[in-house]
Amino acid sequence: TGVQTCALPIFYWFGKIMMEYLGTRRLVATYFLGGLAGALIYVAAFNLIPLFGSQVNQAVAMGASASAMAIMVATATLLPDYQLGILFIGPVRLKWIALVVILLDLINVNGSNAGGHIAHLGGAAFGYVFIRLLRNGTDLSAIVGKGNPTAPQPSLLKGISGSIGLSGRVTGVVYTAFSTALGQ
């Protein structure tokens, strides 16, 4: 469905914005921890919700869509009024893009890929919690390790608005994020 097909573009667009404002360490942390959160919600749902009991033996989790959802929701939580230009639609605020994708997951949770949609929602929940905690002074990216020391401090995040545009200096988000995380 939508997020699975668009995981890489979502990661690129929203990750580029997130890295511009929060640095590579927080981007990588959101990616990995959001994926883990999605996987944990997936496993919990398939083992604790009786509706999925018959599917447990055939259930398989794969992909990075929960990670992409975590980054999308984290970025939309950080900069809800930031606008992206959508082809044939025009400028759309991040909060509306995230809301539509979350609603699509909620609508399709009873479909053929229920586990994928549950994992997406777990990743989305993590992205929201990550930014809320960061704004309150708790930086979960410390779990990942050292990263971009010049990234804004959590206390500065309270004043960020969506009217600030990208400077254009952030390119190669996937390469930069992972090479920094791996210390290369």
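This text follows the structure it describes.
Conventions we followed
Residues numbered from 1 in each chain as written. Predicted model: local features only at pLDDT ≥ 70, side-chain atom pairs only at ≥ 80, totals over all residues. Heavy atoms only, no water. Pairing = 2+ DSSP bridges. Helix = DSSP H or I, 4+ residues; strand = E, 2+ residues; numbered from the N terminus. Core = buried A, V, L, I, M, F, W, Y, C linked by side-chain atoms within 4.5 Å. Buried < 20%, exposed > 50% of the residue type's maximum accessible area, 1.4 Å probe, protein only. Contact = heavy atoms within 4.5 Å. Axes fitted to C-alpha atoms, helices over the stretch in contact; angles between N-to-C directions. Left-handed = near helix turned anticlockwise from the far one by under 90°. Nonpolar A, V, L, I, M, F, W, Y, C, P; charged D, E, K, R; others polar. Phe/Tyr/Trp six-rings, centres within 6.5 Å; stacked < 30°, edge-to-face > 60°. Polar contact = N/O pair within 3.5 Å; in protein donor to acceptor, adjacent residues only side chain to side chain. Expected span 1.5 Å × (residues − 1).

## Some details on the pairing of strand E2 (residues 90–93)
Pairing analysis gives 4 bridges linking strand E1 (residues 83–86) to E2, with the strands arranged antiparallel. Paired with Gln83 across the two strands is Arg93, which belongs to E2. Remark: 3 residues form the turn of the hairpin made by E1 and E2, two consecutive strands paired antiparallel; Phe88 in that turn has positive phi of roughly 70°.

## A look at the nonpolar core
Phe14, Met72 and Leu94 are the most contacted members of the largest nonpolar core, which totals 36 residues. For this core, the elements supplying multiple residues, two or more each, are helix H1 (2–22), helix H2 (24–48), helix H3 (65–78), helix H4 (94–107) and helix H5 (114–135). When neighbours within four sequence positions are excluded, Leu94 is seen to be in contact with Phe14, Ile17, Thr75, Ala76, Leu79, Pro80, Tyr82 and Leu84.

## So, the packing of H4 against H5
For the pair H4 and H5, interaxial distance at closest approach is 9 Å and the crossing angle is 145°. For the pair H4 and H5, the crossing hand works out as left-handed. Note on element contacts: H5 touches H4 through His117, His120, Leu121 and Ala124, opposite Ile102, Asp105 and Leu106. Split by residue class, the contact of H4 with H5 holds 4 nonpolar, 2 polar and 1 charged.

## What about the packing of aromatic side chains?
Tallied over the entire structure, the rule returns 3 aromatic pairs. Where Phe11 meets Tyr31, the ring centres are 5.2 Å apart and the plane angle is 55°; that geometry is what we call tilted. Taken together, the residues Phe11 in helix H1 and Tyr31 in helix H2 connect sequence positions 20 residues apart. Through pairs of rings, three or more aromatic residues link up here, namely Phe11, Tyr31 and Phe32.

## Regarding the side chain of Ser141
Structurally, Ser141 is set in the loop between H5 and helix H6 (173–181). By relative accessible area, which is 0% here, Ser141 ends up buried. Polar contacts involving the side chain of Ser141 include one to the side chain of Asp139, which spans 2.5 Å. Setting aside residues up to four positions removed in sequence, Ser141 forms contacts with Arg25, Arg26, Ala29 and Phe130.

## Quick notes on H3
Taking 1.5 Å per residue as the helical rise, H3 with its 14 residues ought to reach 20 Å, and the 20 Å between its terminal C-alpha atoms agrees with that figure. Counting buried residues in H3 gives 14 out of 14 residues, a clear majority hidden from the surface.

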